[in-house]
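Topology and contacts: notes
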Amino acid sequence: MGHSAPQQSVFDATAPGITLRRFLRQLPPEISLAHDAGDRPLRWVEASDMDDPTDYLLDEEMILTSGFPLLGHDQDPKQVRQFIARLAQAKVSALGFGLEPYFTAIPPTVLDACREHDLPLLEIPPSVPFAAIGIAFAQLIEADNAAQLRGSAEANRALLRCLAHPDPEAQLAAVLSQRLKASVRLLGSEGKVRHEASAAGTADLGDQLKSELFEQAASGANNQQFAMHRSDSQVDLAFPIRATLASSGRAPLLGVLCISFARTPSAFDHNLITTALGLLDVLARERAASSPASTQLATALLLRSRATLDAPDLALLAASLGGGSTQPIRVAVISPLDAPAEQPLALHLTHLQALLDTHLAMQQDDHFIALTRTKPTQAIFDRLKTAGYVAAFSTPEPADIQLGEKLGDLQAQATGLLPRIREKRQSLDARSIPRSFLSLLPPQAGKQLAEEALAPILELPDARRDLYLEVLQGWLEANGSWDQTSKNIDLHRNSVRRHIATIGEVLDKDLNRADVRQELYLALNFLARS
């Protein structure tokens with residue numbers, strides 16, 4: 001799945017810049033403007049002598065008529081007003097009234113009705129056939145299209161030149177904004193603005209609207225290739241950027257391209273946006289094709305250094321991580337939902353660098369480790385899962401000189417959650433999990449160990465099994481006190497002694513040893529959870 005080209009239907013295919021006044025300058029001077037109601041956009045010129053052609057009209061057309069629909073009714077103001085009103089309601093840009101063969105002048109009722117409904121009215125003499133007017137309009141469109149093709153080719157070349165710039169994405173955003181006369185924002189995989197170029201006439205996106213557009217574009221809800229928000233004064237579009245690195249692998253979100261227009265975007269804009277999305281895809285491919293060795297080495301050295309970081313180290317660390325410099329840093333341990341061997345290492349690292357907004361990622365055995373400022377939110381968990389991963393995030397630590405001494409512990413903290421995220425197939429935040437040894441073992445694995453440890457008791461008849469489990473639980477919770485156990489489970493202390501002795505024999509374990517009692521206590525807790 002590659003980048004999504006915008007659907008053409010959103011964009012106005014009308015030849016840009018053709019208006020009534022501009023077209024009149026191309027027409028023979030014999031044509032006069034009987035009623036000037038201001039300049040209007042002009043989409044097409046259509047000859048029609050139907051009584052009501054409105055069902056067949058597009059917006060912003062010029063209608064040419066010989067007056068036949070009004071023949072015999074031209075002195076009836078009501079019928080004439082109804083005819084003109086229908087044209088005005090159909091958003092006709094102008095009415096061209098041809099003289100002869102039916103009329104030698106425009107009827108006063110037609111002129112009055114056009115004034116009433118603010119519809120431009122042209123008087124067309126017999127010397128100018130309607131076909132000549134249609135040909136003149138077609139020639140104007142052809143000239144505009146040729147100019148637009150030249151402009152589009154030059155704009156595409158300007159976008160291509162951005163690839164040679166030291167910061168190609170920032171340059172691409174600036175050039176695209178200039179060519180589209182629109183505001184362009186390039187958002188990272190977390191929705192934060194990485195590059196921005198503003199244009200006059202467009203309003204700034206509020207945080208809420210920006211977030212909504214980002215989420216809609218990222219989710220691809222309802223199979224939409226982009227997100228759109230339209231107001232009276234602005235059209236905002238958001239396109240997901242995804243790297244087409246493997247035909248069979250999941251392509252994660254690398255960012256979102258937001259474009260704000262103070263007008264309806266045109267087919268010219270559509271072509272440029274498609275080119276820009278393709279170039280952003282190329283840049284993603286280049287990042288993926290680069291060797292992952294250097295970033296893996298830097299990550300490994302940081303995690304194993306156990307040393308304080310000086311100012312240059314912190315500056316390099318800040319340059320390697322997205323997000324603000326004041327945001328804390330976490331260690332994330334990531335496990336693919338599928339076998340890592342199914343995709344190249346470079347593909348995995350590129351995915352994770354984009355998803356977690358970091359350059360510091362490495363492979364360790366059958367999982368990956370990354371340093372990141374990304375907050376472990378549900379939205380991040382969802383994006384990871386969509387891309388084929390689950391992750392465990394450590395608790396956060398500030399990016400100060402002591403960070404280097406703590407990274408190894410943060411890695412161990414997140415790695416301890418690796419069995420659980422794999423079993424549950426869901427990402428976890430270490431801050432949301434109680435800090436205990438019991439919490440480190442995933443429930444299913446803990447249950448299996450508990451059943452193995454307590455198997456001799458679990459295989460007994462139900463009544464004796466339940467009795468021994470109750471006695472053992474009560475005795476362990478009472479820290480081996482016979483009297484307290486007797487009180488807790490309402491059983492004579494001598495019976496408790498006898499049952500505990502039997503349980504030790506059944507399990508073939510020395511219940512006087514603290515490590516044995518600890519293991520059995522954990523096993524009973526996991527058994528109670530199931």
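Refer to the preceding data block for the structure.
Residues numbered from 1 in each chain as written. Predicted model: local features only at pLDDT ≥ 70, side-chain atom pairs only at ≥ 80, totals over all residues. Heavy atoms only, no water.

**Quick word on the pairing of strand β3 (residues 61-65)**
Worth spelling out the cut-off: Burial status follows relative accessibility: with a 1.4 Å probe on protein chains alone, a residue under 20% of its type maximum counts as buried, one over 50% as exposed, and anything between as partly exposed. Numbering of helices and strands runs from the N terminus, with a helix taken as a DSSP run of H or I at least four residues long and a strand as a DSSP run of E at least two residues long. Should DSSP find at least two bridges between two strands, the strands are taken to pair.
With respect to burial, β3 is a largely interior element, five of its five residues being buried. Alternating residues of β3 divide into E61, I63 and T65 and M62 and L64, and every residue in both groups is buried. With four bridges connecting them, strand β2 (residues 44-47) and β3 associate as parallel partners. Looking at β3, one finds that V45 is bridged to M62. Here β3 pairs with strand β4 (residues 94-98) via four bridges, running parallel.

**Comments concerning the packing of aromatic side chains**
Inclusion rule: The criterion for an aromatic pair is that two Phe, Tyr or Trp rings (for Trp, the six-membered ring) have centres within 6.5 Å, with stacked assigned to planes under 30 degrees apart, edge-to-face to planes over 60 apart and tilted to the rest.
Counting across every chain of the model gives seven aromatic pairs. Relative to F137, the ring of F23 lies with its centre 5.3 Å away and its plane at 90°, an arrangement referred to as edge-to-face. With F23 in helix α1 (residues 20-24) and F137 in helix α4 (residues 130-161), the pair connects residues that are 114 residues apart, well separated along the chain. Summarising the burial analysis for this pair, F23 and F137 share the class buried. When the centroid spacing of 5.6 Å and the interplanar angle of 65° are considered together, the rings of F97 and F103 count as edge-to-face.

**Considering the nonpolar core**
Convention followed: Among the buried residues, those of types Ala, Val, Leu, Ile, Met, Phe, Trp, Tyr and Cys that are joined through side-chain atoms within 4.5 Å form a nonpolar core. Note on contacts: a residue pair is in contact if any heavy atoms of the two residues lie within 4.5 Å.
Membership of the largest hydrophobic core comes to 28 residues, with the highest contact counts inside it found for L176, L180, L257, I259 and F261. For this core, the secondary structure elements donating two or more residues are α4, α5 (168-180), β6 (183-187), β9 (235-242), β10 (253-261) and α7 (267-289). The element that contributes the greatest number of residues to this core is α7, accounting for eight residues. For I259, the residues in contact, after removing those within four places along its chain, are L176, L180, A182, S183, V184, V235, D236, L237, F239 and I273.

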